[in-house]
Amino acid sequence: MTRIAGMASNRGRNLMHLQDRRPGGANLAVVVSNDPDAPVLEKARKRDIPTEVVEQTDDMDRFEHERAILDALEDYEFDLVALDGYMRILSSTFLDPMPTTLNVHPALLPAFPGMDAHEQVLDAGVAVTGATVHVVTNAVAEDGTLLESEVDAGPVITQEPIPVYEGDEESDLKERVLYEGEFKAYPRAVRWFAEGRVDVDGDTVTVDRDDGGAFPER
Ligand code: 3YE
């Protein structure tokens, strides 16, 4: 059975959706947040999921913070890490010892990466946006420099398209992409992983995307 370590900085709605839905039988072994006030912590506790808070204190650099998260995760068994609104860029210090790490991004990557995806979508005037679940790959140089172009750039597992309508505002897109896009794409990606259909070998990811004509998550 696939066990997930979830990481979130805010509400963690995708993580809670995964836990309620249990795609492919997967469930959360632990929820980690870097923010002690993140609403996801209370929501996880209500579902009897263990929680860990690992703040980056002033005396810690990025790598020390990541090592502290690794330490906190030592007590748990999981075979997948799932980011959901986790507001940190991760380095190899964290990623190398971890199993496959996934992230969900609220646009159809490689278009519109970064923090302001919905704003970029509206500015570009495109007719279709969506959600992307991708593998998280290193985006920090050894000296700690952020490699911005490497963020949201890992191999794509699955995507769900969402229409953009005339008059849409960022809040409309945010909601539509979350509930109709991310809530389908993330469970699908996790189910495929649980079914052994995602093979990650270094930077090479092979995904069997054939669900026989239709995605059950629709
Ligand atoms: N890490 C890697 N690759 C990825 N994290 C996320 C996606 C993703 C990833 O594809 N390696 C906020 C945006 C982060 C930010 O810029 N944070 C900076 C500074 C934070 C601060 O000043 O407090 C940072 O160093 O993390 C998830 C989305 C990350 C978005």
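(A) Geometry of unusual backbone geometry. Here L109 and P110 are connected by a cis peptide whose omega angle stands at 10°. By the secondary structure assignment, P110 is in the loop between β5 (101-105) and α5 (117-124). The phi angle at D48 is positive, at roughly 60°, despite the residue not being glycine. Among the structural elements, D48 can be located in the loop between α2 (39-46) and β3 (51-53).

(B) Local environment of the pattern of salt bridges. Across all of its chains, the model carries 9 salt bridges by this definition. Between E42 and R45 there is a salt bridge, with the nearest N and O atoms lying 3.8 Å from each other. Placement of both E42 and R45 in helix α2 is noted, with a separation of 3 residues, approximately one turn of the helix. Residue classification places E42 among the partly exposed residues on the basis of a relative accessible area of 42%. Across the pair E195 and R191 runs a salt bridge whose closest N-O atoms are separated by 3.3 Å.

(C) Looking closely at the layout of surface pockets. Of the voids in this model, the largest pocket is the one considered here, and its volume is about 1,200 Å³. G85, M87, V104, P106 and M115 are the residues nearest the centre of the largest pocket, which is lined by 46 residues in total. At the level of elements, α1 (13-21), β5, α5 and α6 (170-194) are the ones that each hand at least two residues to the lining of the largest pocket. Considering every element that reaches the lining of the largest pocket, the biggest residue donor is α6, with 5 residues. Its residues placed into classes, the lining of the largest pocket shows 19 nonpolar, 14 polar and 13 charged. Looking at the second largest pocket, its volume works out to about 320 Å³. As for the second largest pocket, its lining consists of 17 residues, of which V135, V136, T137, G202 and D203 are closest to the centre. At the level of elements, α4 (92-95) and β8 (198-201) are the ones that each hand at least two residues to the lining of the second largest pocket. Grouping the amino acids of the lining of the second largest pocket by side-chain chemistry returns 8 nonpolar, 6 polar and 3 charged.

Here is what the cut-offs are and how they apply
- Residues numbered from 1 in each chain as written.
- Predicted model: local features only at pLDDT ≥ 70, side-chain atom pairs only at ≥ 80, totals over all residues.
- Heavy atoms only, no water.
- Helix = DSSP H or I, 4+ residues; strand = E, 2+ residues; numbered from the N terminus.
- Salt bridge = Lys/Arg side-chain N within 4 Å of Asp/Glu carboxyl O.
- Buried < 20%, exposed > 50% of the residue type's maximum accessible area, 1.4 Å probe, protein only.
- 1 Å grid on protein atoms, 1.4 Å probe; cavity = no way out; pocket = protein on both sides within 12 Å on 5 of 7 lines; lining within 4 Å.
- Points joined across faces, edges and corners; volume = space filled by probe spheres on them.
- Nonpolar A, V, L, I, M, F, W, Y, C, P; charged D, E, K, R; others polar.

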